[in-house]
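Summary of structural features
Residue-level listing of the chains:
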Amino acid sequence: MLGPLQPLIDMVTSPLFLMIVLFPGLTSIAIIGALLGWLERKVTARVQLRIGPLYASPAGGILQMFADLIKLSFKELFVPENSDAFFFIMAPTTGLVIGAALVGLIPFAPGLQIANIEVGLPAFLAIITLSPSLVLLAGWSANSKFPFIGGLRALFQQTAYEIPLWLSALGVIMMAGTLNLAQIVAAQSTGWFIIPQALGAFIFLVTSVAEMERLPFDLPEAESEIMMGWQAEYPGVLFLAAQGPGFVKLYAFSALFTTIYLGGFLGPSLLPPLFWMLSKTLVVIILIMLLRSTFPRVRLDQLLRAGWTTLLTLAIVNIGITYLLVVGLPTF
Amino acid sequence: MVAQGIPEIGAYIGFLFVSTVALIIVLKLLITPRDPRPTPEKKKPFESGQIAVGPGRTRFIIQYYPYLLMFVVYDVIAMFLFAWGLNLRSLGEAGSLPVLVFIVVLLIPLGYALHLANHRENW
């Protein structure tokens, strides 16, 4: 009776389909993104001696972002005049795809990885490189001054952090001798890379916060200077689509930081590997959220100068240290 | 594989979730309010209550342009270092010497370019 439907059922119940749809794929990305939005508001509120979301559920407003999602979904979609409607709608929705594609590269447990490709780490950094271009496209298409300024800031900001980000990841590759994320985790079974790569981990954390456009470096959407920058014109659910990738990128970058510096899913075998992976990721996420509520926003010229002088110099010093650790003192 | 331990009901939960999202999108398109005749003020770009004047796509900020030029050059060079870093153990000291010379040679123009770029009176 199920004859014609059998291939469909086989596809739906195949492990890869389950991983793409359930965990670590789309369903978990959507739920974790929404929960991170709640967590960020709660952490920021506690730092600022406020309470934060409270009423949206019995458990301290944990459903606040779902309530926001329902509210924003039923608002009017309005495209301002003289804007490029195609790119205006395409840019934030493509941002969601980029955020979801990043999570697919992360090994959450042995075998629990959607795409175990040989060039996992450069692929992750290459996919994330597209997001400032989308911000510029969104800012340009809105045909409004503040979004356009925000988009240009995203472009200039990218030049400041991109090279230190790649060079700090190079230290990990020199230690591990592989680009595959699962093999990088396996290479850390003798010791986490954060100890030999402490400087590289610091640079990676700072530049990834700049990549995510989070608060010390949130120049493209500085709400007190250029009133949300490139997101200013987005109505209703498109605003949610513009905000959402930020939380998905936070999740993906924290998982990547855990994978390449904190030993990934490795840990005592009392608890399953997935527990270690997610708990380490949560620690990194809360660290980044505390950075957001602690530091003031930098200026664009400060960020460019710091990225091109301090961070780049430190990244090159880190490569030198890693060279000495791997190859040894030069004999010539 | 851990994923094979996920029971079959998981597939249906995931399928239910995705189809619920699709249903919400369709419902949303039907329910979302539409303004048949928006006023001219509503169609204007939002500038915190000020009346928008002039084109939205304004002039380009030129003062950080040298950083863009440097980025085009040095981002590609960072890529070349990945090939070296990946094979560092097999290359050893003898194979790494040209790359280290390459890095040092490239740092000299980088320093000069930064000297020019950081002094904005040049631009």
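As the structure is a computational prediction, the values presented were derived from the model and not from experiment. (Residues numbered from 1 in each chain as written. Chains lettered and ligands numbered in written order. Predicted model: local features only at pLDDT ≥ 70, side-chain atom pairs only at ≥ 80, totals over all residues. Heavy atoms only, no water.)

**As for the interface of chain B and chain A**
Interfaces are frequently sized by the accessible area removed from exposure as the parts join. The interface is formed by 62 residues belonging to chain B together with 68 residues belonging to chain A. Both faces combined, the contact of chain B with chain A buries some 6,000 Å², and carbon together with sulfur accounts for 74% of it. The largest share of the area that chain B buries against chain A comes from B:R57, B:F82 and B:E93, three residues that together contribute 13% of it. For the interface between chain B and chain A, the tally reads 0 salt bridges. There are 1 residue pair in polar contact (both at pLDDT 80 or more) connecting chain B and chain A. Contributing elements (two or more residues each) for the side of chain B that touches chain A: α1 (8-31), α2 (40-43), α3 (65-86) and α4 (88-118) of chain B. In terms of residue count, α3(B) provides more of the side of chain B that touches chain A than any other element does, 14 residues in total. By residue class, the composition of the side of chain B that touches chain A is 37 nonpolar, 12 polar and 13 charged. (Contact = heavy atoms within 4.5 Å. Buried area = accessible area lost by both parts, 1.4 Å probe. Salt bridge = Lys/Arg side-chain N within 4 Å of Asp/Glu carboxyl O. Polar contact = N/O pair within 3.5 Å; in protein donor to acceptor, adjacent residues only side chain to side chain. Helix = DSSP H or I, 4+ residues; strand = E, 2+ residues; numbered from the N terminus. Nonpolar A, V, L, I, M, F, W, Y, C, P; charged D, E, K, R; others polar.)

**Describing the pattern of salt bridges**
Residue and element names in this part refer to chain A. Following the criterion strictly, the structure yields 7 salt bridges over all chains and no others. Between R214 and E40 there is a salt bridge whose closest N-O contact spans 2.3 Å. Of this pair, R214 sits in the loop between α10 (198-211) and α11 (223-226) while E40 sits in helix α3 (residues 26-47), and the two are 174 residues apart along the sequence. Like R214, the residue E40 is buried in the burial classification. As a salt-bridge pair, D301 and R299 come within 3.0 Å of each other at their nearest N and O atoms. Using a relative accessible area of 49% as the deciding quantity, one classes R299 as partly exposed. (Buried < 20%, exposed > 50% of the residue type's maximum accessible area, 1.4 Å probe, protein only.)

**Considering helix α5 (residues 85-103) of chain A**
Three- or four-residue spacings in an α-helix give side chains the same orientation, since the helix completes a turn every 3.6 residues. Residue and element names in this part refer to chain A. End to end, α5 covers 29 Å across 19 residues, agreeing with the expected 27 Å (1.5 Å per residue, within 8%). A91 marks where α5 bends most, by close to 25°; the proline P92 follows one to four residues later. Within the sequence span of α5, burial applies to F88, A91, P92, G95, I98, G99, L102 and V103. Elements in contact with the buried residues of α5: α3, α6 (120-128), α7 (130-141) and α12 (236-261). (Expected span 1.5 Å × (residues − 1). Bend = angle between axes of the 7 residues up to and from the residue.)

**Here we look at the side chain of A:Q64**
Residue and element names in this part refer to chain A. If you trace the backbone, Q64 turns up in helix α4 (residues 64-73). Residue Q64 is classed as buried on the basis of its relative accessible area, which comes to 17%. Not counting the four nearest positions on each side in its chain, Q64 is found in contact with W38, R41, P53 and A56.

**Here we look at the side chain of A:N143**
Structurally, A:N143 is set in the loop between α7 and α8 (145-176). Setting aside chain neighbours within four positions, we find A:N143 in contact with A:E81, A:N82, A:S83, B:P45, B:G56 and B:R57.

**Observations regarding the packing of aromatic side chains**
Enumeration according to the criterion identifies 15 aromatic pairs over all chains in this entry. On the basis of an interplanar angle of 70° and a centroid distance of 5.7 Å, the ring pair of A:F156 and B:Y64 is categorised as edge-to-face. Linking A:F156 in helix α8 with B:Y64 in the loop between α2 and α3, this pair reaches from one chain into another. Accessibility assignment for this pair places A:F156 and B:Y64 in one class, buried. Plain terms: the ring middles of A:F257 and A:Y261 are 5.1 Å apart, the flat faces sit at 45° to each other, and that makes the pair tilted. Linking A:F257 with A:Y261, this pair stays in helix α12, spanning 4 residues, or about one helical turn. With respect to burial, A:F257 and A:Y261 carry one shared label: buried. Three or more aromatic residues joined by ring pairs make a cluster, and in this case those are A:F124, A:F204, A:F253, A:F257 and A:Y261. (Phe/Tyr/Trp six-rings, centres within 6.5 Å; stacked < 30°, edge-to-face > 60°.)

**Regarding the confidence of the model for chain B**
Put simply, chain B has an average pLDDT of 77, and 85% of its residues get 70 or more. The least confident element of chain B is α1(B), whose mean pLDDT is 73; the most confident is α3(B), at 85. (pLDDT = per-residue confidence, 0-100.)

**Examining empty space enclosed by the protein**
The full count for this structure, using the stated rule, is 2 cavities of 30 Å³ or more. Empty space within the largest cavity amounts to approximately 180 Å³. Looking at the lining of the largest cavity, the elements that each hand over two or more residues are α8 and α14 (300-326) of chain A together with α3 and α4 of chain B. Ranked by residues supplied to the lining of the largest cavity, first place goes to α4(B) with 5 residues. Among the residues making up the lining of the largest cavity, the classes are represented as 15 nonpolar, no polar and no charged. (1 Å grid on protein atoms, 1.4 Å probe; cavity = no way out; pocket = protein on both sides within 12 Å on 5 of 7 lines; lining within 4 Å. Points joined across faces, edges and corners; volume = space filled by probe spheres on them.)

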